[in-house]
Amino acid sequence: MLLMEKVAMLTRQNETFALAMIIESKGSTPRHVGKMIVYRDGSIEGTVGGGLAEHYIIGESVKAIQNGQSKIVEYKLNRHAKDGIQMSCGGTLRVFIEVYTSRPELVLCGAGHLGHALAKLADFLEIPYCIVDDRIGYCTKERFPNATNLFVDEDIEKALLAANLNEKSYVVIVTKDGDDIVLKTALQFPCAYVGMVASKRKVIHVFDKLKNEGVTEEQLERVHSPIGLEMGAETTQEIAISIIGEIIQVSKGKKPLKVKQLN
């Protein structure tokens, strides 16, 4: 497989990685043209020439992935030059490190009016999403034509388990009457985000119920509820915007404006 075909495949699979590419090479360098995929753990595919310079580029690529920002790095391959690295080639190498960050994968638990509004907004933003519900009449391809998957079961816990939650999952809980079941199930997995639409009174009630069922305080501290950015949202569409806004904020590694959890 050609390297750029692998980049395209990784992008389709919604993976996070960096592509390091030589953009300028002056004088004597190991390579004048080269591309290299760098993964979060520092493993690579391809090469930009090997040696110490490539070692440094891998390290900078991992840092760029962690920061979520692309960058340009430059190295003087001359151990005797000021700011040079311990190489004897003598040339200069500039490399563009392009970071490809995975998009949030929304797991919309609830196919009602708010779930539908969230799906419409996700369509507009080209954010992949699946729908989880216990109502066959609501969780349909007609209502959610662009959903990657529809998980429907009379036992909503089984429906959610079928979604295979992972560290890329951004779970939004807007069910008809199964919020506690869905929340308890979601907290068993390393989801990137778990948010529940609820009033403050309902949050306290659900949290107390789950504590009595063995859910820990540490697990509950992961929950965003009340959900969404504080922007005075009132309509269904406005609430959907506030929720997606918070998810984008979390996915970019930004800290919430204020603590959302309730003690």
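As a reminder, the structure under discussion sits directly above these lines.
In short, a report on the structure. Everything numeric in this text was worked out from a predicted model, so none of it was measured.

## Brief notes about a nonpolar patch on the surface
- A surface patch of nonpolar side chains, amounting to about 300 Å² of accessible area, comprises F124, L125 and I248.
- Inspection of the secondary structure puts I248 in helix 8 (residues 236-251).

## As for the pairing of strand 6 (residues 105-109)
- Counting buried positions over the five residues of strand 6 gives four, a clear majority of the element.
- Taken together, the five bridges between strand 6 and strand 9 (residues 169-173) define a ladder with parallel strand orientation. Residue pairing in the sheet places L108 in a bridge with V172 of strand 9.
- As judged from the four bridges shared by strand 6 and strand 7 (residues 129-133), these two strands associate in the parallel manner. From the neighbouring strand, L106 faces strand 7, where its bridge partner is Y129.
- A crossover links strand 6 with its parallel partner strand 7, the connecting element being helix 3 (residues 113-125), and its sense is right-handed.

## Some remarks on the sheet that holds strand 7
- What the six strands build is an open sheet, ordered 8-7-6-9-10-11; its pairing is parallel. Strands with a single pairing partner mark the edges of an open sheet, and in this sheet they are strand 8 (149-152) and strand 11 (223-224).
- Direction of pairing for strand 7 relative to strand 8: parallel, over a ladder of four bridges. Considered in strand 8, the bridge of C130 is made with N149.

## Brief notes about the environment of P145
- Tracing the chain through its elements places P145 in the loop between strand 7 and strand 8.
- On a C-alpha basis, the gap between P145 and N166 in space is 23 Å, while along the polypeptide they are 21 residues apart.

## Looking at helix 3
- Helix length check: helix 3, at 13 residues, gives a terminal C-alpha distance of 19 Å against a target of 18 Å (1.5 Å per residue), a fit within 8%.
- On the buried face of helix 3, the contacting elements are strand 6, strand 7, strand 9 and helix 8.
- A positive backbone phi angle near 60° is found at E126, which sits one or two residues after helix 3.

## Structural notes on helix 2 (residues 51-67)
- Its 17 residues give helix 2 an end-to-end C-alpha distance of 25 Å, which sits within 8% of 24 Å, the value for a rise of 1.5 Å per residue.
- Considered for burial, the residues of helix 2 that qualify are A53, E54, I57, I58, E60, S61, V62, A64 and I65.
- Looking at the packing, one finds that the buried side of helix 2 touches strand 1 (17-26), strand 2 (35-39), strand 3 (44-47), strand 4 (71-76) and strand 5 (92-100).
- G68 sits one or two residues past helix 2 and shows a positive phi near 70°.

## Remarks on the nonpolar core
- By size, the foremost hydrophobic cluster in this structure holds 27 residues, and its most contacted members are V107, V132, L160, L165, V171, L183 and M196.
- Broken down by secondary-structure element, the contributors of at least two residues to this core are strand 6, strand 7, helix 4 (156-161), strand 9, helix 5 (179-186), strand 10 (193-196) and helix 6 (200-212).
- Look past the residues within four positions of V107 in its chain and what remains in contact with it is C130, V132, L160, A163, L165, S169, Y170, V171 and V172.
- Among the nonpolar cores identified, the runner-up in size contains 24 residues, and I131, A147, A240 and I247 belong to it.

## Considering the layout of surface pockets
- Estimates place the volume of the largest pocket at around 730 Å³.
- Where the lining of the largest pocket is concerned, the elements lending two or more residues are helix 2 and helix 8.
- When grouped by side-chain class, the residues that make up the lining of the largest pocket number eight nonpolar, nine polar and seven charged.

## A short note on the state of the cysteines
- For the structure shown, the criterion picks out zero disulfides.
- Take C109: it sits in no disulfide, and the sulfur closest to it among the cysteines is that of C130, at 7.3 Å.
- Judged by its relative accessible area of 0%, C109 falls in the buried class.

## Comments concerning the environment of G42
- Mapped onto the elements of the fold, G42 is located in the loop between strand 2 and strand 3.
- Residues G42 and S61, 19 residues apart in the sequence, show an inter-C-alpha distance of 8.1 Å.
- When near neighbours in sequence (up to four residues on either side) are disregarded, G42 contacts I58 and V62.

## Notes on the sheet that holds strand 2
- Pairing within the open sheet is antiparallel, and its five strands lie in the order 3-2-1-5-4. Strands at the two margins of the open sheet, each flanked by one partner only, are strand 3 and strand 4. Within this sheet the neighbouring strands show an average axis-to-axis angle of 25°, counted without direction.
- Pairing geometry for strand 1 and strand 2, over five bridges, is antiparallel. Across the sheet, F17 pairs through a bridge with Y39, a residue of strand 2.

What counts as what
Residues numbered from 1 in each chain as written. Predicted model: local features only at pLDDT ≥ 70, side-chain atom pairs only at ≥ 80, totals over all residues. Heavy atoms only, no water. Patch = residues over 30% accessible without salt bridge, like charges linked within 9 Å, V, L, I, M, F, W, Y side chains within 5 Å. Areas by Shrake-Rupley, 256 points an atom, 1.4 Å probe, with all protein chains shown as cover. Salt bridge = Lys/Arg side-chain N within 4 Å of Asp/Glu carboxyl O. Helix = DSSP H or I, 4+ residues; strand = E, 2+ residues; numbered from the N terminus. Buried < 20%, exposed > 50% of the residue type's maximum accessible area, 1.4 Å probe, protein only. Pairing = 2+ DSSP bridges. Right-handed = clockwise from strand over helix to strand, strands pointing away. Expected span 1.5 Å × (residues − 1). Contact = heavy atoms within 4.5 Å. Core = buried A, V, L, I, M, F, W, Y, C linked by side-chain atoms within 4.5 Å. 1 Å grid on protein atoms, 1.4 Å probe; cavity = no way out; pocket = protein on both sides within 12 Å on 5 of 7 lines; lining within 4 Å. Points joined across faces, edges and corners; volume = space filled by probe spheres on them. Nonpolar A, V, L, I, M, F, W, Y, C, P; charged D, E, K, R; others polar. Disulfide = S-S within 2.5 Å. Axes fitted to C-alpha atoms, helices over the stretch in contact; angles between N-to-C directions.

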